[in-house]
There are 2 protein chains.
Amino acid sequence: MDTKSQAKWNELLERTRELYDLTAISALMGWDQSTYMPPKGGAARGRQLALVERLAHERRTDPALGRLLDELQPFVDSLPLDDDRVAIHREARSGYERAVRIPASFASAFAEHVSESFMAWIEARPANNFAAVQPYLQKTLDMSRQMSHYLADSGHIADPLIDIADQGFTVDELRPLFARLGTALAALVKQIGDRPQVDNSVLHRHYPKASQLAYGEQVARAFGYDFQRGRQDETHHPFMTKFDHDDVRITTRVDEYDLGNALFGTMHETGHALYELGIDPAYAATVLDAGASSGVHESQSRLWENIVGRSAAFWQHYYPSLQAAFPTQLADGSSEGFYHAVNRVAPSLIRTEADEVTYNLHVIIRFGLELDLLEGKLAIAELPEAWHARYDEALGVHAPSDVDGVLQDVHWYGGPIGGSFQGYTLGNIMAAQFYAAALTAQPAIEQAIGRGEFGTLHTWLRENIYRHGAKYTPGDLLVRATGQPLTIDPYLAYLRTKYSGIYGPLTLEG
Amino acid sequence: MDTKSQAKWNELLERTRELYDLTAISALMGWDQSTYMPPKGGAARGRQLALVERLAHERRTDPALGRLLDELQPFVDSLPLDDDRVAIHREARSGYERAVRIPASFASAFAEHVSESFMAWIEARPANNFAAVQPYLQKTLDMSRQMSHYLADSGHIADPLIDIADQGFTVDELRPLFARLGTALAALVKQIGDRPQVDNSVLHRHYPKASQLAYGEQVARAFGYDFQRGRQDETHHPFMTKFDHDDVRITTRVDEYDLGNALFGTMHETGHALYELGIDPAYAATVLDAGASSGVHESQSRLWENIVGRSAAFWQHYYPSLQAAFPTQLADGSSEGFYHAVNRVAPSLIRTEADEVTYNLHVIIRFGLELDLLEGKLAIAELPEAWHARYDEALGVHAPSDVDGVLQDVHWYGGPIGGSFQGYTLGNIMAAQFYAAALTAQPAIEQAIGRGEFGTLHTWLRENIYRHGAKYTPGDLLVRATGQPLTIDPYLAYLRTKYSGIYGPLTLEG
């Protein structure tokens with residue numbers, strides 16, 4: 001690299017590091033707001049978040065950044081395709097181009113609308129008052145369509161919104177994939193519904209908070225979460241958040257009458273954190289110091305939560321220590337009974353509490369509603385009834401009110417309509433695909449889990465996924481790590497095998 | 001106000017609010033760093049703090065801000081002197097003028113030096129290695145002198161540094177004041193040294209952390225600290241910090257074998273917090289939404305900690321509840337014995353742990369050393385010996401090493417030499433002056449404290465001090481609140497009366 005290119009390259013790194021740090025500062029403010037902030041601190045926090053967002057937006061759309069990216073193009077074109085700098089330039093350019101396509105006035109109007117919409121939802125939800133949020137949702141839908149038009153000239157109207165979270169995926173690809181998945185899941189749900197049900201009452205005894213937190217942290221540590229580079233705090237809606245390559249935190253919520261809530265939540269957020277903590281330190285504070293997509297991120301939270309944490313091998317090893325932590329509550333239990341209890345399948349109303357088999361049906365309903373709204377096939381006013389109707393049809397359950405219906409998830413009240421949900425199901429599919437590849441490469445992984453050893457799995461994931469950060473698109477990463485593009489076969493095979501073991505032989509056809 | 005002036009005025013408020021918010025964001029990062037940040041998060045935090053400081057510095061020295069202040073001058077000159085806007089304009093102008101007097105290159109070099117100096121101190125202190133910090137201190141001294149020259153052309157070289165923390169105070173005023181105070185304190189210390197000593201062993205039994213924290217919060221609440229607008233967390237070096245008018249937090253440190261540590265620390269930080277929380281809400285997020293000076297701030301922490309929290313009346317009411325919180329540890333104690341224990345006077349090595357009578361002697365030593373260093377009468381190399389010699393002379397104690405000598409306080413390793421210490425003693429003096437005025441206005445305050453009621457005192461303080469924020473200079477505020485300028489007489493009278501009650505009749509002359 002000549003001196004002039006080197007200087008320009010350093011300027012690019014400096015500009016993107018500043019954006020990285022501003023994002024981290026916002027994240028810290030959000031973390032504090034969700035964990036420790038006193039109740040009356042909220043008004044100022046909103047003002048402070050808006051200030052940092054404004055500073056970040058100025059920098060994200062700075063024409064000098066655009067010129068710098070142009071000037072560096074010939075240099076980047078001269079590099080081998082797999083050079084890290086090609087990826088850094090690509091990610092920086094795509095961030096810049098997305099930011100400048102959206103007019104500043106629209107961006108700030110949308111941020112303001114989303115903030116008001118969120119506040120309206122916070123009040124409307126406990127009051128079961130859909131009418132109160134309806135005008136906000138209408139405006140969100142209008143603005144989501146507008147945003148899509150800013151971002152792309154052709155393709156399905158949802159594609160640009162999906163692309164923000166899951167780069168490269170389109171409605172054309174996802175619709176048939178989700179249809180096939182939905183059919184298979186419906187078949188599993190139907191068969192399981194005819195089998196004797198698992199008893200999970202053991203999860204609903206009284207489990208004191210402090211012991212639950214201590215046990216969860218013990219598991220997180222065993223998975224490989226480094227408490228020198230992270231920590232766990234309590235919150236209402238658990239999340240993982242990142243302030244730096246070396247400061248990646250998780251949060252959890254404890255229900256003293258639901259042992260699974262905090263424990264599997266901690267495993268889930270630990271999975272997200274292991275991903276971020278496993279990124280190549282050479283990428284620290286660059287545009288590559290992030291996960292590849294929503295779906296890939298979710299694949300890691302679900303892999304650790306479900307494929308590892310809800311496995312028979314895991315509980316074979318961990319059940320005795322859980323009994324030691326809760327000797328009276330678990331006096332009469334067994335490892336196998338507990339394994340069954342944490343894998344009970346039953347149609348339910350709440351996505352975030354759904355079991356592995358029904359979970360994606362919740363997502364597919366929402367994905368379909370988003371497409372219908374964006375395509376103009378469904379009006380906002382019809383949304384509550386459409387919600388109930390699709391739950392009736394797909395899961396055979398009917399929410400008693402909109403609280404557990406269309407008012408359930410924050411997504412449409414805290415961001416655009418479109419692109420919000422597909423990542424969850426992509427994550428489940430990818431988790432199984434990655435895990436199958438890991439097992440092929442390292443067949444001893446499962447026995448190791450049965451001994452409470454996670455190092456071989458963690459190493460495979462770090463080498464094949466984590467360390468790359470955002471260097472590869474999700475599609476490229478899948479091929480590199482597993483040898484093939486996205487496929488639902490490993491996921492369906494995983495579900496069939498696992499739940500046949502619990503409920504008796506199952507098939508994937510209705 | 002005409003439309004044009006109104007627009008300019010709004011712009012001033014907006015610009016200063018942005019600076020207020022950037023300061024708050026830095027404070028949040030500092031709070032997190034001192035309470036919850038995982039060990040390896042420090043490197044990025046330094047980078048993030050530097051970024052926000054850079055953004056704030058750009059705004060603080062923006063020539064457009066200077067022009068705006070000039071343009072608003074005629075409007076402000078047309079207002080009555082006591083109008084809030086006159087004070088807002090004055091404080092905004094003084095902040096701007098101080099910032100622009102210091103060249104940006106010097107400001108960033110000094111910030112970098114201070115950060116390195118602090119890291120050097122963190123390593124040198126446990127190792128008792130003065131030689132390691134000596135070059136840093138030398139540079140700090142050189143830069144402090146340089147900073148003073150930037151800020152003012154005449155007067156004592158320490159005056160501009162003192163003025164930053166305690167506006168309006170000068171060496172000419174403080175030197176004779178501190179000399180008179182030092183003589184009187186020395187006389188008290190000498191007489192007390194000849195009397196039978198108080199037994200404070202009761203404080204050093206085992207007091208579990210959780211109960212200490214709960215008791216401290218109960219007292220903070222009783223003083224009037226609003227946990228809707230604040231909270232308490234644990235840290236190593238306790239402090240009060242503010243993120244907004246409605247988010248003012250305190251921190252504490254618990255020693256399970258020293259009951260006084262957390263309890264009086266909590267009272268102290270609560271005093272600082274009550275001041276900030278009591279500022280007129282109309283001043284929220286303006287330049288007036290801050291205390292008047294270091295000294296006035298310290299007067300409130302010391303008033304609540306010492307004059308209230310270490311009073312006989314307080315313990316008359318609170319001792320039974322303390323016994324209930326620690327029934328075995330305090331089974332054999334009495335309210336009077338406990339009152340004596342928490343007021344034991346004895347020369348010691350550590351400023352922050354010193355009793356009320358000897359405390360200011362520690363400050364006066366440091367203030368004198370700062371002046372001698374700045375005046376060139378003392379070299380950095382001579383500082384350790386000068387420290388020991390002055391402790392020998394003033395307190396009759398000799399630190400076994402520099403750890404409890406010149407390496408003791410963070411101040412000279414975290415900021416300039418000069419202006420760092422006088423605020424502590426000014427605070428003690430003002431606390432007594434304010435309290436005497438409060439008692440004159442509301443003689444029932446003392447009986448109320450004996451009933452555990454602090455509302456009358458809190459209201460007087462809020463009405464006469466807190467609500468004004470930074471509207472008045474410390475000198476003006478003292479005259480408004482107490483009817484006279486700074487005087488040490490109430491403070492000396494307070495100490496003589498209180499400690500005569502504990503140790504037998506004392507006089508203020510040697």
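## Concerning the overall build of chain A
Moving on, step 1. When helices and strands are counted, chain A shows 20 helices and three strands.
Moving on, step 2. Against the compact-globule benchmark of 24 Å for 510 residues, chain A has a radius of gyration of 23 Å, which places it among compact chains.
Moving on, step 3. For chain A, the spread of C-alpha atoms along the principal axes amounts to about 70 × 50 × 50 Å.
Moving on, step 4. Per-residue burial for chain A yields a buried fraction of 57% across its 510 residues.

## Section: helix 14 (residues 356-375) of chain A
Residue and element names in this part refer to chain A.
Moving on, step 1. Its 20 residues place the ends of helix 14 30 Å apart at the C-alpha level, agreeing with the 28 Å of an ideal helix rising 1.5 Å per residue.
Moving on, step 2. Burial analysis of helix 14 places 18 of its 20 residues in the buried class, the great majority of the element.
Moving on, step 3. Looking at where helix 14 begins, the residue whose side-chain oxygen comes 2.8 Å from the main-chain nitrogen of V357 is D355.
Moving on, step 4. Just past helix 14, the residue G376 takes up positive phi, approximately 85°.

## As for the relation of the copies chain B and chain A
The operation relating the two chain copies consists of a rotation about an axis and a shift along that axis.
Moving on, step 1. Superposition record for chain B on chain A: RMSD 0.0 Å, screw rotation 180°, translation along axis 0.1 Å. The relationship between the two copies is best expressed as a two-fold rotation axis.
Moving on, step 2. Looking at the interface residues of chain B, 100% of them are also at the interface in chain A, so both copies use one shared face.

## Looking at the interface of chain B and chain A
Moving on, step 1. Listed per partner, the contact involves 39 residues of chain B and 39 residues of chain A.
Moving on, step 2. Across the interface of chain B and chain A, roughly 3000 Å² is buried in total on both sides, 60% from carbon and sulfur atoms.
Moving on, step 3. At the junction of chain B with chain A, the criterion picks out eight salt bridges.
Moving on, step 4. Between D21 of chain B and R47 of chain A there is a salt bridge, and its shortest N-O distance comes to 2.7 Å.
Moving on, step 5. Remark: the boundary between chain B and chain A carries 14 residue pairs in polar contact (both at pLDDT 80 or more).
Moving on, step 6. Elements represented by at least two residues in the side of chain B that touches chain A include exactly helix 1 (3-35), helix 2 (42-60), strand 2 (240-244) and strand 3 (247-252) of chain B.
Moving on, step 7. Considering every element that reaches the side of chain B that touches chain A, the biggest residue donor is helix 1 of chain B, with 11 residues.
Moving on, step 8. Across the side of chain B that touches chain A, the residue classes break down as 18 nonpolar, four polar and 17 charged.

## A short note on the environment of A187 of chain A
Moving on, step 1. In this structure, A187 of chain A sits in helix 8 (residues 171-193).
Moving on, step 2. Accessibility expressed as a relative area gives 4% for A187 of chain A, which makes it buried.

## A word on the sheet that holds strand 2 (residues 240-244) of chain A
Picture the strands of a sheet paired through backbone hydrogen bonds; they go either parallel or antiparallel.
Residues and elements named next belong to chain A.
Moving on, step 1. Judged by pairing direction, the sheet is mixed, and its three strands sit side by side in the order 1-3-2 without closing on themselves. Only two strands of the sheet have a single neighbouring strand rather than two, namely strand 1 (232-234) and strand 2. Mean inter-strand twist for the sheet, computed between neighbouring axes without regard to direction, equals 30°.
Moving on, step 2. Where strand 2 lies against strand 3 (residues 247-252), four bridges are found, and the strand directions are antiparallel. Among the inter-strand pairings, M240 is bridged to a residue of strand 3, identified as I250.
Moving on, step 3. With respect to the sheet, helix 10 (residues 259-277) is in contact with strand 1, strand 2 and strand 3, its orientation differing from that of strand 3 by roughly 165°.

## Regarding the packing of aromatic side chains
Moving on, step 1. Counting across every chain of the model gives 57 aromatic pairs over all chains.
Moving on, step 2. With 5.7 Å between their ring centres and 10° between their planes, W121 of chain A and Y413 of chain A make a pair best called stacked. You can see W121 of chain A sitting in helix 5 (residues 104-124) and its partner Y413 of chain A sitting in the loop between helix 15 (383-395) and helix 16 (422-441), a full 292 residues away along the chain.
Moving on, step 3. Put simply, the rings of F223, F264, W304, F314, W315, Y318, Y319, F338 and F454 of chain A touch in pairs and so form one group of aromatic residues.
Moving on, step 4. It is R221 of chain B that lies over the ring of F227 of chain B; its NZ or CZ is 4.3 Å from the centre.
Moving on, step 5. Just above the ring of Y359 of chain B sits the side chain of R302 of chain B; from NZ or CZ to the centre is 4.1 Å.

## Re the side chain of S420 of chain B
Residues and elements named next belong to chain B.
Moving on, step 1. In this fold, S420 is placed in the loop between helix 16 (411-414) and helix 17 (422-441).
Moving on, step 2. There is a polar contact of 3.3 Å between the side chain of S420 and the backbone oxygen of P416.
Moving on, step 3. Apart from the residues within four sequence positions on either side, S420 is in contact with E370, H411 and W412.

## A word on the pairing of strand 3 of chain A
Moving on, step 1. Most of strand 3 of chain A is tucked away: six of the six residues are buried.
Moving on, step 2. Counting the residues between successive antiparallel strands, the hairpin from strand 2 of chain A to strand 3 of chain A contains two residues.

## Quick look at the sheet that holds strand 1 (residues 232-234) of chain B
Residue and element names in this part refer to chain B.
Moving on, step 1. Spatially, 1-3-2 is the arrangement adopted by the three strands of the open sheet, whose pairing is mixed. Edge positions in the open sheet fall to strand 1 and strand 2, since each of these has one partner strand only. On average, adjacent strands in this sheet sit at an angle of 30° to one another, irrespective of strand direction.
Moving on, step 2. Of the strand pairs in this sheet, strand 1 and strand 3 are connected by three bridges, and their pairing is parallel. The partner of D233 across the bridge, within strand 3, is T251.
Moving on, step 3. Packing of helix 1 onto the sheet brings it into contact with strand 1, strand 2 and strand 3, and relative to strand 2 it is tilted by some 135°.

## Some words on the pattern of salt bridges
Side chains that carry opposite charge are capable of pairing whenever their charged atoms lie near each other.
Moving on, step 1. Scanning all chains against the criterion turns up 72 salt bridges over all chains.
Moving on, step 2. Residue E18 of chain B pairs with R59 of chain B through a salt bridge whose shortest N-O separation is 2.6 Å. Residue E18 of chain B is found in helix 1, and its partner R59 of chain B is found in helix 2; the two are separated by 41 residues along the sequence. Here E18 of chain B and R59 of chain B have matching classes, each one buried.
Moving on, step 3. Salt-bridge contacts for E97 of chain B lead to R93 of chain B; the nearest nitrogen and oxygen are separated by 3.2 Å. In this pair, E97 of chain B and R93 of chain B are both assigned in helix 4 (residues 84-101), four residues apart and thus about one turn of the helix distant.
Moving on, step 4. Given a relative accessible area of 30%, E97 of chain B falls into the partly exposed group.
Moving on, step 5. What emerges from the salt-bridge pattern is a single network uniting E18, E58 and R59 of chain A together with R54 of chain B.

Reading the values: rules and limits
Counting restarts for each chain: residues are numbered from 1 in the order of the written sequence. Key to labels: chains lettered from A, ligands numbered from 1, both in the order written. In view of the model being predicted, local features appear only for residues whose pLDDT reaches at least 70, and side-chain atom pairs are presented and counted only at 80 or more, with totals across whole chains, interfaces and linings using the full set of residues. Heavy atoms from the whole structure form the basis of all side-chain values; hydrogens and water molecules are not counted. Only DSSP runs of H or I reaching four residues or more are called helices, and only runs of E reaching two or more are called strands; each is numbered from the N terminus. Here the radius of gyration uses the C-alpha set of atoms, whereas the globule reference equals 2.2 Å times the residue count to the power 0.38. Exposure is judged per residue with a 1.4 Å probe applied to protein chains only, and the accessible area is read against the type maximum: over 50% gives exposed, under 20% gives buried, and values in between give partly exposed. Here, expected helix span is obtained from the residue count minus one, scaled by 1.5 Å. For the purposes of these results, a polar contact is taken to be a pair of N or O atoms within 3.5 Å, where, inside protein, one atom must be able to donate a hydrogen and its partner to accept one; residues adjacent in sequence count only when each atom of the pair is a side-chain atom. Residues below a pLDDT of 70 in either copy are left out; the C-alpha atoms of the rest, at least 70 in both, set the least-squares superposition of the copies. Any pair of residues with heavy atoms lying within 4.5 Å of one another is described as a contacting pair. Throughout, the accessible surface (probe 1.4 Å) given up by two parts as they are put together, summed over both, is called the buried area. The term salt bridge refers to a side-chain nitrogen of Lys or Arg lying within 4 Å of a carboxyl oxygen of Asp or Glu. When residue character is reported, Ala, Val, Leu, Ile, Met, Phe, Trp, Tyr, Cys and Pro are called nonpolar, Asp, Glu, Lys and Arg charged, and the others, Gly included, polar. Between any two strands, at least two bridges found by DSSP are needed for them to pair. Helix axes use the C-alpha atoms of the stretch in contact, all axes being lines fitted to C-alpha atoms, and the angles between their N-to-C directions lie in the range 0 to 180 degrees. Ring pairs are drawn from Phe, Tyr and Trp, using the six-membered ring of Trp, whenever the two centres fall within 6.5 Å, and their geometry is named by plane angle: stacked under 30 degrees, edge-to-face over 60, tilted for the rest. We call a charge positioned over a ring when the NZ of a Lys or the CZ of an Arg lies within 6 Å of the ring centre and within 35 degrees of the ring normal.

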